[in-house]
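Notes for the structure review
Here is how the chains run, residue by residue.
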Amino acid sequence: MTDADTGADGGRIVVGVSGSLGSLAALHHAVTEARRTDVEVLAVLCWTPPAGELGYRRSVCPPVVDAGRDAAVARLRQALDEAFAGCYAGVRLRCQAVRGETAHTLVRCADRPDDVLVLGAGRERGRLSRLIRPSVTAYCVRYATCPVLTVPRPPLQRDLEALERGYGLRELVTGA
């Protein structure tokens, strides 16, 4: 088997997975595109130690990191089970739980010139929230060396967010 057969030098579809509805929509889109183009999908779930990298550096505790990694792997497995209902995705699918801040790590993972980075559009956020925690999607679009595809939020996610904000509650209660 050659490198061309394994896709070792070719492009991949790298997809960020968190378990959210948006990331599951991105995963489905990535798999659909991989079927069309016959490339590998690399599903990446990014994680940091429970107290964050800075907190971990202050008090190194390997069991905490092991527990964080194990939780990330479990979350990735759960997301894949939810996305594909425990069935075969129908493509070459490689999965990794990678330690690091989400935006930087996804850009690092999608490092081949022929890669495509697929992301689910996140939740709607206000200005203050964007200042405190910048958008992963915006960072990836700005710094990735490969094309970045953002998948719109699924309608169910938009409806749930509207309910959380109190919009649409009247329609839900009155059935209108």
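This report concerns the structure included in the present document. All values derive from a computational prediction rather than experimental measurement. (Residues numbered from 1 in each chain as written. Predicted model: local features only at pLDDT ≥ 70, side-chain atom pairs only at ≥ 80, totals over all residues. Heavy atoms only, no water.)

Digging into the overall build of the chain
For clarity, the threshold we go by: Counting from the N terminus, the helices are DSSP H or I runs at least four residues long and the strands are E runs at least two residues long. Summary of the burial criterion: residues with accessible area below 20% of their type's maximum are buried, those above 50% are exposed, and those between are partly exposed, where the area comes from a 1.4 Å probe applied to protein chains only. Residues count as neighbours in contact if any of their non-hydrogen atoms are within 4.5 Å of one another. Each accessible area is a Shrake-Rupley result for a 1.4 Å probe, and residues are judged covered by the shown protein chains and nothing else.
Scanning the chain for helices and strands turns up 9 helices and 5 strands. Per-residue burial over the chain gives 35% buried out of 176 residues. The contacts of the chain with a sequence gap of at least 6 include a subset with a gap of at least 24, amounting to 77%. Element-wise, carbon and sulfur atoms account for 56% of the exposed surface of the chain, whose accessible area totals about 10,800 Å².

Re the sheet that holds strand β3 (residues 93-99)
How we decide: Two strands qualify as a pair provided that DSSP identifies no fewer than 2 bridges between them. Axis definition: a line fit to C-alpha positions, over the contact stretch in the case of helices; interaxial angles, taken between N-to-C directions, run 0 to 180 degrees.
If you trace the 5 strands from one edge of the open sheet to the other, you get β3-β2-β1-β4-β5, paired in parallel fashion. Strand pairing shows two members of the sheet lacking a second neighbour, β3 and β5 (148-151), which therefore form its edges. The mean inter-strand angle of the sheet, taken between neighbouring strand axes irrespective of direction, is 25°. In the sheet, strand β1 (residues 12-16) pairs with strand β4 (residues 116-120) via 3 bridges, with the strands oriented parallel. Bridging across to β4, V15 finds its partner in V118.

What to know about the pattern of salt bridges
Basically, it comes down to this: Here, a salt bridge means any side-chain nitrogen of Lys or Arg that lies within 4 Å of a carboxyl oxygen of Asp or Glu.
For the coordinates displayed, the defined rule picks out 6 salt bridges. As a salt-bridge pair, R12 and D111 come within 3.3 Å of each other at their nearest N and O atoms. Here R12 is found in strand β1, whereas its partner D111 is found in the loop between α5 (102-109) and β4, with 99 residues between them in sequence. Exposure remark for R12: the relative accessible area of 6% places this residue in the buried category. The structure contains a network of salt bridges with shared partners spanning R12, D111 and D115.

Overview of the pairing of β4
Along a regular strand, successive side chains alternate from one face of the sheet to the other. With respect to burial, β4 is a largely interior element, 4 of its 5 residues being buried. Examined bridge by bridge, β4 and β5 share 4 bridges and lie parallel to one another. Looking at β5, one finds that L119 is bridged to T150.

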